[in-house]
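# Observations on the model geometry
These are the residues of each chain, in order.
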Amino acid sequence: MQDEIKQALAFTEEELNRIVLDVHDGPVQKLFAAMAVLEQTQDAILRYNPTGRSLLANLNKISSLIESSLTEIRSFLGTFRSPEFDKRSLASIIESLVIQQEELGDLTLDLKIEKLPDEVPLPVKIVLYRILQEALSNTFRHSGAQNQWIRLWMEDEKICMEAVDDGRGFTINPQMADREEHIGLRGMRERARRVNGQFALESSPGKGTRITVRVPAHE
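A brief look at the structure comes next. Counting starts from 1 at the beginning of each chain's written sequence and moves along it residue by residue. The model is predicted, so local features are restricted to residues of pLDDT at least 70 and side-chain atom pairs to those at 80 or more, both for listing and for counting; the totals for chains, interfaces and linings are taken over all residues. Side-chain measures were taken over the full set of non-hydrogen atoms in the model, leaving aside hydrogen atoms and water.

Elements are defined by DSSP. Helices are runs of H or I of four residues or more, strands are runs of E of two residues or more, and each kind is numbered from the N terminus. When helices and strands are counted, the chain shows five helices and five strands. If you list the helices and strands of the chain from N to C, you get α-α-α-β-α-β-β-α-β-β. Here the chain holds 219 residues, and 37% of them are scored as buried. Residues are treated as being in contact if the distance between any of their heavy atoms lies within 4.5 Å. Restricting the contact set of the chain to residue pairs at least 6 apart, pairs at least 24 apart contribute 68%. Here the Shrake-Rupley method, with its probe set to 1.4 Å, supplies the accessible areas, and only the displayed protein chains count as covering residues. By element, 51% of the accessible surface of the chain is carried by carbon and sulfur atoms, the whole surface being about 13000 Å². Each residue is assigned to one of three classes by its accessible area relative to the maximum for its type, calculated with a 1.4 Å probe on protein chains only: buried under 20%, partly exposed between the two thresholds, exposed over 50%.

If you want it as structure tokens, here you go:
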């Protein structure tokens, strides 16, 4: 069973890497080419048609939209690029993820990692990383939080991870994980289940959100 889980998770990561490369080598390159053409057109208007200011303003808007889209896509690609799970320690990949997220905005992140096993199974690394990644993304995009606290520790032969924010929070509905807009929540729960772990969500309006994950520290 463990071998099947490893293969499934490894396949998922390979698919993510393939998607990242396909997007980078396809649409992203075309958008860069479109930006270059727009810049040439803008220069030509200024040089040969000084009266075409309204046309130039429209081109500037298009250019800004493309540039903004490229920024979002590159951020997305960086988020889903696998961080060499098999070669790095759990603490190392979690630290990198937190630093990467902190660079995206004004949210202050506090990370505390207590003593962890020297060797952590590959499926566990992947699951904890992807769950925290989703939790950080949700906090950044939806919560309005100013601070988030992440903690990893060992307890009863399990690796525990907790992410708490001081955002606006929300009312938890038992059916919410099944709705399309909460596919990320369902994904976090299913990832934990794949390695025989537990996932818990606590939140209420005005009181922030707490996510807790407990997964076996060994195969």
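Let's pick the thread back up.
For the rest of this paragraph, the subject is the pairing of strand β1 (residues 108-113). Following DSSP output, two strands are said to pair if at least two bridges run between them. Here β1 pairs with strand β2 (residues 147-155) via six bridges, running parallel. The residue bridging Asp-110 from the neighbouring strand is Trp-149, located in β2. Assessed by its sense of winding, the connection that carries the chain from β1 through helix α4 (residues 122-143) to β2 is left-handed. Looking down the strands as they point away from the viewer, one classifies a crossover as right-handed if the path from the first strand across the helix to the second runs clockwise.

Take Thr-139: it is sitting in helix α4. A relative accessible area of 5% means that Thr-139 is categorised as buried. Excluding anything up to four places from it in sequence, Thr-139 contacts Leu-107, Gly-144, Ala-145, Gln-148 and Asp-165.

Moving on, we come to the nonpolar core. To define a nonpolar core, start from buried Ala, Val, Leu, Ile, Met, Phe, Trp, Tyr and Cys residues and group those joined through side-chain atoms within 4.5 Å. Grouped together as the largest cluster of nonpolar side chains are 35 residues, with contacts concentrated most on Leu-90, Leu-132, Ile-159, Phe-199 and Val-213. Elements supplying a minimum of two residues to this core: α3 (90-102), α4, β2, β3 (158-165), α5 (183-194), β4 (198-203) and β5 (209-216). It is α4 that contributes the most residues to this core, nine residues altogether. With near-sequence residues (within four places) excluded, Phe-199 lies in contact with Ile-131, Leu-185, Met-188, Arg-189, Ala-192, Ile-211, Thr-212 and Val-213. Counting residues in hydrophobic clusters, the runner-up holds seven residues, among them Leu-38, Leu-56, Leu-59 and Leu-70.

Let us now look at the packing of α3 against α4. Remark: α3 packs on α4, axes separated minimally by 10 Å, with the N-to-C direction vectors making an angle of 15°. Here α3 lies roughly parallel to α4, going by the angle between them. Here α3 and α4 pass one another in a crossing that is right-handed. Note on element contacts: α4 touches α3 through Lys-125, Leu-128, Tyr-129, Leu-132, Gln-133, Leu-136, Ser-137 and Phe-140, opposite Leu-90, Ile-93, Ile-94, Leu-97, Val-98 and Gln-101. Every axis corresponds to a line fitted to the C-alpha atoms, with the helix fit spanning only the stretch in contact, and the corresponding angles, defined between N-to-C directions, vary from 0 to 180 degrees. Should an angle fall under 35 degrees it is called roughly parallel, over 145 degrees roughly antiparallel, and 65 to 115 degrees roughly perpendicular, with every other angle called oblique. The crossing is said to be left-handed when, going from far helix to near helix, the turn is anticlockwise and less than a right angle, and right-handed when the turn is clockwise.

Reading across from one edge, β1-β2-β3-β5-β4 is the order of the five strands in this open sheet, with mixed pairing throughout. Both edges of this open sheet fall to β1 and β4, since each of them pairs with a single strand only. Strand-to-strand twist of the sheet, defined as the mean angle between neighbouring strand axes without regard to direction, takes the value 10°. Strand direction decides the pairing type here: β4 and β5, joined by six bridges, are antiparallel. Counted as the bridge partner of Phe-199 is Val-213 from β5. Across the sheet, α4 lies against β1, β2, β3, β4 and β5, angled at about 5° from β3, the strand it touches most.

What follows covers unusual backbone geometry. For Asp-156, which is not a glycine, the phi torsion comes out positive at approximately 55°. Among the structural elements, Asp-156 can be located in the loop between β2 and β3. You will see that Asn-196, though not glycine, has its phi angle at about 60°, which is positive. Among the structural elements, Asn-196 can be located in the loop between α5 and β4. Judged by relative accessible area, which is 51%, Asn-196 ranks as exposed.

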